[in-house]
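Given next are the chains, with one letter for each unit.
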Amino acid sequence: MDDKYQHPGCCICLVVMCGLPGAGKTTLTKKLISCNSLNFKCTSGSATSSSDTSTSTCDTSASTCDTSTSTSALMMAKTPSILLVQFDDIIPRELPVNDRVAARQDTDDRSDKGDGIGNNKASSTIWKQYRKDTHSVIERLLNRVTQSYKNSECLTQKSLHDNVISTLETLCEENAINGTVVEAIRNAIMKQTWGSDPEEMDLKQEGCECLVLILDDNMFYRSMRFEYYQLARKYGTGFAQIYLQCPVSIAMARNESREYPVAMDTIINMASNMEVPDPVKAPWEEYTSVVDAEKQWSEDDLKRIWRVIDQALAKPAPPYQEIDTKEQEESRKASLASVLHQADVTLRKSVAEMIKTNKSQNQPSKLELQQLARTLNGLRTEILNEIRHNQLDVPPILTCEDQETQQTQNKNFQDFIREHFRIRYTDVRKETPR
């Protein structure tokens, strides 16, 4: 294998879609696959539209990307094989329509009372299990394909397809994951063209391919997206996001024509809870293409999205670093202690400020203040534990000679902690019966 591809994951990019129901995620995905069948090169086309912006270091308003420091599989003239996993295909069709609508809009494990957008615990639990099983299937696919890249100089489209189907058949035989999930993904994949020209259904058996795995779901909470970023880190793949920016009114209008329309209240609640990709708050969201869902997308728009994916391929998610020596372990503990200390100081200030604000605005009783303090300090402890166990990706705290740079980094860290604490407290208030 070329020395640029010593890590097999750099031939794979995990792409997460994000947006409201009715924003056009599935339509955009199909257009991206169609654009890929045009065999464009990353540097082709001119930027004639300014409505698509990106938080990536790649300037998507330009006709080319700065790839002078790294080269991805796309730029090496490898054509992408595209594998699409639509979460709508995974929920069994025999479920009643209302249950499907409720189950499909799930969140992470923030609440045992529901999913944060108006669905009850029972329907939320159903989709949580489907989400976990889907995550397990995606991980097994990544594991198999990365292992195949390690054992081969390159993989053709046919060999990629065979690896994926073989993995899914093995999962069916093992019966360790919900067979409905595995079978739904397998059936969907068998119908896909893998980015080839639809008129030429035969998979290519020559040339080196990279794999672009697209996950089509709402992913409105950052934690939903983060669990797949963790997979990208584990297997060293690229990670990109496509966020469709869509007004609620447009999403609701389009939703009415869907085969399985979502309840209007669900869309409204989801919009209010939407955690828009933001690389300032979450640096791992660096490679995100923000797309205007209201416009008709041109070929240039699609190429700009592909350039962001190309940049993510060129710079795979950083792998987990294994601690081998006592000195490294001590350094890690010291760094973690510093982060925890800074986070704790910031959180304690936030707790004090919230209590002070509540006292001045609401004039609560002593008992109510005590309850508020317990709730806030409980959240403070939860967040510190998440940082301690590497479950919350926080901005780095740097120690450098440039005081201005260090102050900026520390402010970013403190702002992130304060905002995360505020969001968590807001969630708790919504879940608390009044």
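The structure this text deals with has already been given above.
All values derive from a computational prediction rather than experimental measurement.

1. Brief notes about the nonpolar core
One recurring pattern in soluble globular proteins is that nonpolar side chains are buried together.
Then step 1. Leu28 and Tyr228 are the most contacted members of the largest nonpolar core, which has 80 residues in total.
Then step 2. Not counting residues up to four positions away in its chain, the partners in contact with Leu28 are Met17, Ile242, Leu244, Val291, Trp297, Leu302 and Ile305.
Then step 3. Counting 19 residues, the second-largest nonpolar core is a separate cluster that includes Val339, Leu376, Leu392 and Phe413.

2. Some words on the pattern of salt bridges
Then step 1. Summed over the entire model, instances satisfying the criterion amount to 20 salt bridges.
Then step 2. Between Glu299 and Lys303 there is a salt bridge, with the nearest N and O atoms lying 2.6 Å from each other. Of this pair, Glu299 and Lys303 both sit in helix α9 (residues 299-314), 4 residues apart, which is roughly one turn of the helix.
Then step 3. The exposure class assigned to Lys303 is buried, which follows from its relative accessible area of 8%.
Then step 4. A salt bridge links Asp301 to Arg304; the nearest nitrogen and oxygen atoms lie 2.3 Å apart. Here Arg304 and Asp301 lie together in helix α9, a separation of 3 residues that amounts to about one turn.
Then step 5. Residues joined in a network through salt bridges with shared partners are Arg222, Arg225 and Glu285.

3. Observations concerning the packing of helix α7 (residues 248-255) against helix α8 (residues 264-273)
Then step 1. One way to put it is that α7 packs onto α8 with a least axis distance of 10 Å and a crossing angle of 150°. Relative to α8, the element α7 is oriented roughly antiparallel. Considering how the two elements wind past one another, α7 and α8 form a crossing that is right-handed. Across the interface between the two elements, Val248, Ala251, Met252 and Asn255 of α7 pack against Met264, Ile267, Ile268 and Ala271 of α8.
Then step 2. Among the residues forming the contact of α7 with α8, the class breakdown is 7 nonpolar, 1 polar and no charged.

4. Some remarks on unusual backbone geometry
Then step 1. A positive phi angle, close to 60°, is found at Asn175, a residue other than glycine.
Then step 2. Mapped onto the fold, Asn175 is located in the loop between α4 (157-174) and α5 (179-190).
Then step 3. Asn175 gets classed as exposed once you look at its relative accessible area, which sits at 61%.
Then step 4. For Met219, which is not glycine, the phi dihedral falls at a positive 45°.
Then step 5. Looking at the element boundaries, Met219 is found in the loop between β4 (209-216) and α6 (222-235).
Then step 6. Looking at Met219, the relative accessible area reads 0%, which means it is buried.

5. Details of the packing of α4 against α5
The relative placement of two packed helices comes down to the angle between their axes together with the axis-to-axis distance.
Then step 1. Viewed as axis vectors pointing N to C, α4 and α5 meet at an angle of 155°, and their least axial separation amounts to 10 Å. With respect to α5, the axis of α4 lies roughly antiparallel. Once α4 is placed against α5, the crossing between them reads as left-handed. Along its contact with α4, which presents His161, Val164, Ile165, Leu168, Glu169, Leu171 and Cys172, the element α5 presents Val182, Glu183, Ile185, Arg186, Ile189 and Met190.
Then step 2. Residue composition of the contact of α4 with α5, by class: 9 nonpolar, 1 polar and 3 charged.

6. Some words on the pairing of strand β5 (residues 238-245)
Within a regular strand, the side chains alternate between the two sheet faces.
Then step 1. Of all 8 residues that make up β5, 7 are buried, and the element is covered over most of its length.
Then step 2. When strand β1 (residues 12-18) meets β5, the two strands line up parallel, connected through 6 bridges. Paired with Met17 across the two strands is Ile242, which belongs to β5.
Then step 3. By the bridge criterion, 5 bridges tie β5 to strand β6 (residues 288-292) in an arrangement that is parallel. When the bridges of β6 are listed, Ile242 appears paired with Ser289.

7. Some remarks on the environment of Cys11
Then step 1. Secondary-structure assignment places Cys11 in the segment before β1.
Then step 2. Sequence separation between Cys11 and Leu155 is 144 residues; the distance between their C-alpha atoms is 9.6 Å.

8. Quick word on helix α11 (residues 366-388)
Since there are 3.6 residues in each turn of an α-helix, residues three or four apart along the chain are aligned in direction.
Then step 1. The end-to-end C-alpha separation of α11 is 33 Å, in line with the 33 Å expected for 23 residues at 1.5 Å each.
Then step 2. Burial in α11 covers these residues: Leu369, Leu372, Leu376, Leu379, Arg380, Ile383, Leu384, Glu386 and Ile387.
Then step 3. Looking one or two residues beyond α11, the residue adopting positive phi is Asn390, at roughly 60°.

9. Focus on the packing of aromatic side chains
Then step 1. Tallying each qualifying case throughout the model produces 6 aromatic pairs.
Then step 2. Taken together, a centroid distance of 4.7 Å and an interplanar angle of 40° make the contact between Phe220 and Tyr221 tilted.
Then step 3. By relative accessible area, which is 1% here, Phe220 ends up buried.
Then step 4. On the basis of an interplanar angle of 55° and a centroid distance of 6.0 Å, the ring pair of Phe239 and Trp284 is categorised as tilted. Note that Phe239 is positioned in strand β5 and Trp284 in the loop between α8 and β6, a separation of 45 residues in sequence.
Then step 5. On the accessibility criterion, Phe239 (4% relative accessible area) is buried.
Then step 6. An aromatic cluster of three or more residues is present, and its members are Phe226, Tyr229, Phe239 and Trp284.

What counts and how
- Residues numbered from 1 in each chain as written.
- Predicted model: local features only at pLDDT ≥ 70, side-chain atom pairs only at ≥ 80, totals over all residues.
- Heavy atoms only, no water.
- Core = buried A, V, L, I, M, F, W, Y, C linked by side-chain atoms within 4.5 Å.
- Buried < 20%, exposed > 50% of the residue type's maximum accessible area, 1.4 Å probe, protein only.
- Contact = heavy atoms within 4.5 Å.
- Salt bridge = Lys/Arg side-chain N within 4 Å of Asp/Glu carboxyl O.
- Helix = DSSP H or I, 4+ residues; strand = E, 2+ residues; numbered from the N terminus.
- Axes fitted to C-alpha atoms, helices over the stretch in contact; angles between N-to-C directions.
- Parallel < 35°, antiparallel > 145°, perpendicular 65-115°, else oblique.
- Left-handed = near helix turned anticlockwise from the far one by under 90°.
- Nonpolar A, V, L, I, M, F, W, Y, C, P; charged D, E, K, R; others polar.
- Pairing = 2+ DSSP bridges.
- Expected span 1.5 Å × (residues − 1).
- Phe/Tyr/Trp six-rings, centres within 6.5 Å; stacked < 30°, edge-to-face > 60°.

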